[in-house]
Amino acid sequence: MLDKLNELLGGALRLDEPMSRYTSFRIGGLADAMLIPRDVVELKAGLHNARRLNIPITFIGNGSNLLVRDGGIRGLVIKLSGTLDWVHINGNVVRAGCGVLLSTLAHRAVDAGLKGLEFAAGIPGTLGGAVNMNAGAYDGEMKDVVTCARVLDYAGEEMELSYDDLGFGYRKSALQQKGLLAVEVTLELEVGDKEESLAKITELNRRRREKQPIALPSAGSVFKRPPGHYAGPLIEQAGLKGCRIGDAEVSTLHAGFIVNVGNATANDVLALIKHVQSTVQEKFDVTLEPEIRIIGEDKGEDE
Ligand SMILES: Cc1cc2nc3c(=O)[nH]c(=O)nc-3n(C[C@H](O)[C@H](O)[C@H](O)COP(=O)(O)OP(=O)(O)OC[C@H]3O[C@@H](n4cnc5c(N)ncnc54)[C@H](O)[C@@H]3O)c2cc1C
């Protein structure tokens with residue numbers, strides 16, 4: 001079926017791609033096939049034909065919030081970074097393709113004299129991934145700046161979602177619940193001062209470098225903030241900083257991060273997540289829920 005799909009897409013597929021190349025964790029088995037669509041026409045053709053051939057579809061952005069299991073991903077992975085990354089700015093309204101990196105978008109906005117997106121400049125994801133996750137940091141979240149989005153469903157049907165339709169909540173959106181792919185996003189920002197915005201980005205990035213293990217592969221904060229608590233301090237108070245399974249380690253800098261200190265497998269990370277969850281549950285009676293998205297298949301015993 002994948003050969004047929006590749007033929008229909010004019011040979012655009014990459015076959016047996018190691019997902020470790022496409023995730024910030026540097027972990028993950030092979031994807032059967034990957035499409036990095038050059039434009040929306042190719043994206044729609046990929047969705048439409050995969051659906052027609054009953055091939056399962058997974059979409060990813062910059063892979064910065066993903067743990068891909070060691071058995072990889074069956075079917076088609078559609079990767080939406082390094083493509084669809086245009087930006088149009090008109091007054092205080094910014095329209096952009098889902099593939100643009102948040103750092104690029106934040107700097108484009110600042111260059112145009114707009115403020116409001118500084119919080120996002122250090123988040124290593126795409127615009128589409130950030131809308132899906134309602135990504136946020138310091139004093140902002142995507143829900144504060146996004147006004148609407150053009151999305152596709154798994155059959156390649158296009159529709160416009162209003163702010164209310166996007167159903168933003170803490171690290172969630174309607175895109176997650178409904179399995180929709182954002183193609184184009186509109187944001188409304190405020191008129192600002194370029195120097196002030198640049199100074200803010202520099203300061204937030206400094207805080208990030210000081211507090212987060214950004215030099216090591218990770219997927220950012222592993223757990224959502226449990227109501228009334230912060231995950232990092234709880235994990236630290238449970239004595240788990242530096243705790244290691246295989247090459248997966250609870251960061252010694254920020255206990256809310258798990259880092260890959262060498263050749264960690266997804267199984268190492270999953271075992272460490274479980275250990276952290278059960279220890280924190282036992283010590284503090286607090287349930288930690290993963291914020292990172294865990295996708296793909298376990299590795300079979302004979303592999
Ligand atoms: C060092 C580090 C620091 C981080 N700091 C933060 C932080 O401060 N705040 C924060 O919120 N996150 C943070 N993250 C996590 C991550 O960067 C964000 O969640 C980011 O928004 C994910 O974007 P992505 O493009 O990498 O998406 P991916 O990780 O590739 O995908 C995440 C989810 O989004 C979906 N998706 C991707 N593209 C689209 C699209 N176009 N339409 C619909 N769904 C899509 C995927 O299917 C998947 O379910 C950090 C990660 C790292 C590694």
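Note that the coordinates shown come from a computational prediction; the quantities given were computed from them, not determined experimentally. (Residues numbered from 1 in each chain as written. Predicted model: local features only at pLDDT ≥ 70, side-chain atom pairs only at ≥ 80, totals over all residues. Heavy atoms only, no water.)

Peer 1: Help me understand the pairing of strand S2 (residues 30-35), please; the structure alone is not making it clear to me.
Peer 2: Of all six residues in S2, five are buried; the element is thus mostly enclosed. Relative to strand S5 (residues 73-79), S2 is paired through four bridges, and the arrangement is parallel. For Leu35, the partnering residue across the bridge sits in S5 and is Ile78. (Buried < 20%, exposed > 50% of the residue type's maximum accessible area, 1.4 Å probe, protein only. Helix = DSSP H or I, 4+ residues; strand = E, 2+ residues; numbered from the N terminus. Pairing = 2+ DSSP bridges.)

Peer 1: Can you walk me through the site of the ligand in this structure?
Peer 2: In the vicinity of the ligand, 34 residues are found, and the nearest of them are Phe59, Gly61, Ser64, Thr126 and Gly136. A distance of 2.6 Å separates an oxygen atom of the ligand from a polar atom in the side chain of Ser64. Contact distances for the ligand include 3.4 Å between an oxygen atom and a backbone N or O atom of Ala130. Out of a free accessible area of 970 Å², the ligand has 93% covered by protein chains. Only strand S3 (57-60), helix H4 (127-133), strand S9 (136-137), strand S13 (181-188) and strand S15 (218-221) provide two or more residues apiece to the shell around the ligand. Take the shell around the ligand: its biggest share by element is five residues, from H4. Of the residues assigned to the shell around the ligand, the class counts are 16 nonpolar, 15 polar and three charged. (Near = heavy atom within 4 Å. Polar contact = N/O pair within 3.5 Å; in protein donor to acceptor, adjacent residues only side chain to side chain. Areas by Shrake-Rupley, 256 points an atom, 1.4 Å probe, with all protein chains shown as cover. Nonpolar A, V, L, I, M, F, W, Y, C, P; charged D, E, K, R; others polar.)

Peer 1: I'm lost on helix H3 (residues 102-111) in this one. Help?
Peer 2: Since the α-helix turns once every 3.6 residues, residues separated by three or four places project in the same direction. Here H3 has its buried residues at Leu102, Leu105, Ala106, Ala109 and Val110. What you see down the axis of H3 is that its buried residues fit within an arc of 135°, all on one side. Looking at the buried residues of H3, the elements they touch are strand S6 (87-90), strand S7 (93-97), strand S8 (114-115), H4, S13 and helix H7 (194-211). Immediately beyond the C-terminal end of H3, within one or two residues, lies Gly113, with a positive phi of roughly 80°. (Arc of directions from axis to C-beta. Contact = heavy atoms within 4.5 Å.)

Peer 1: What exactly am I supposed to notice about the environment of Ala45 here?
Peer 2: Take Ala45: it is sitting in helix H2 (residues 40-52). Separated by 36 residues in sequence, Ala45 and Leu9 have C-alpha atoms that sit 7.3 Å apart.

Peer 1: Would you mind showing me how to read empty space enclosed by the protein here?
Peer 2: Space left empty within the atom packing is revealed by a probe, the size of a water molecule, rolled over the atoms. Tallying each qualifying case throughout the model produces one cavity of 30 Å³ or more. Roughly 30 Å³ of volume is contained in the largest cavity. Considering the residues around the largest cavity, the lining is formed by Glu118, Phe119, Ala121, Gly122, Tyr138, Ile201, Leu204, Asn205 and Arg208. Classifying every residue of the lining of the largest cavity gives five nonpolar, two polar and two charged. (1 Å grid on protein atoms, 1.4 Å probe; cavity = no way out; pocket = protein on both sides within 12 Å on 5 of 7 lines; lining within 4 Å. Points joined across faces, edges and corners; volume = space filled by probe spheres on them.)

Peer 1: Sorry, what's going on with the sheet that holds S15 here?
Peer 2: Sheets are built from strands that pair by backbone hydrogen bonding, the pairs being arranged parallel or antiparallel. With respect to topology, four strands assemble into an open sheet ordered S15-S18-S17-S16, the strand pairing being antiparallel. Among the strands making up the open sheet, the edge pair consists of S15 and strand S16 (244-245). Relative to strand S18 (residues 257-260), strand S17 (residues 248-250) runs antiparallel, the two sharing three bridges. Residue pairing for S18: Ala248 is matched across the bridge by Asn260. Seen against the sheet, helix H9 (residues 266-284) touches S16, S17 and S18 and runs at an angle of roughly 30° to S17. (Axes fitted to C-alpha atoms, helices over the stretch in contact; angles between N-to-C directions.)

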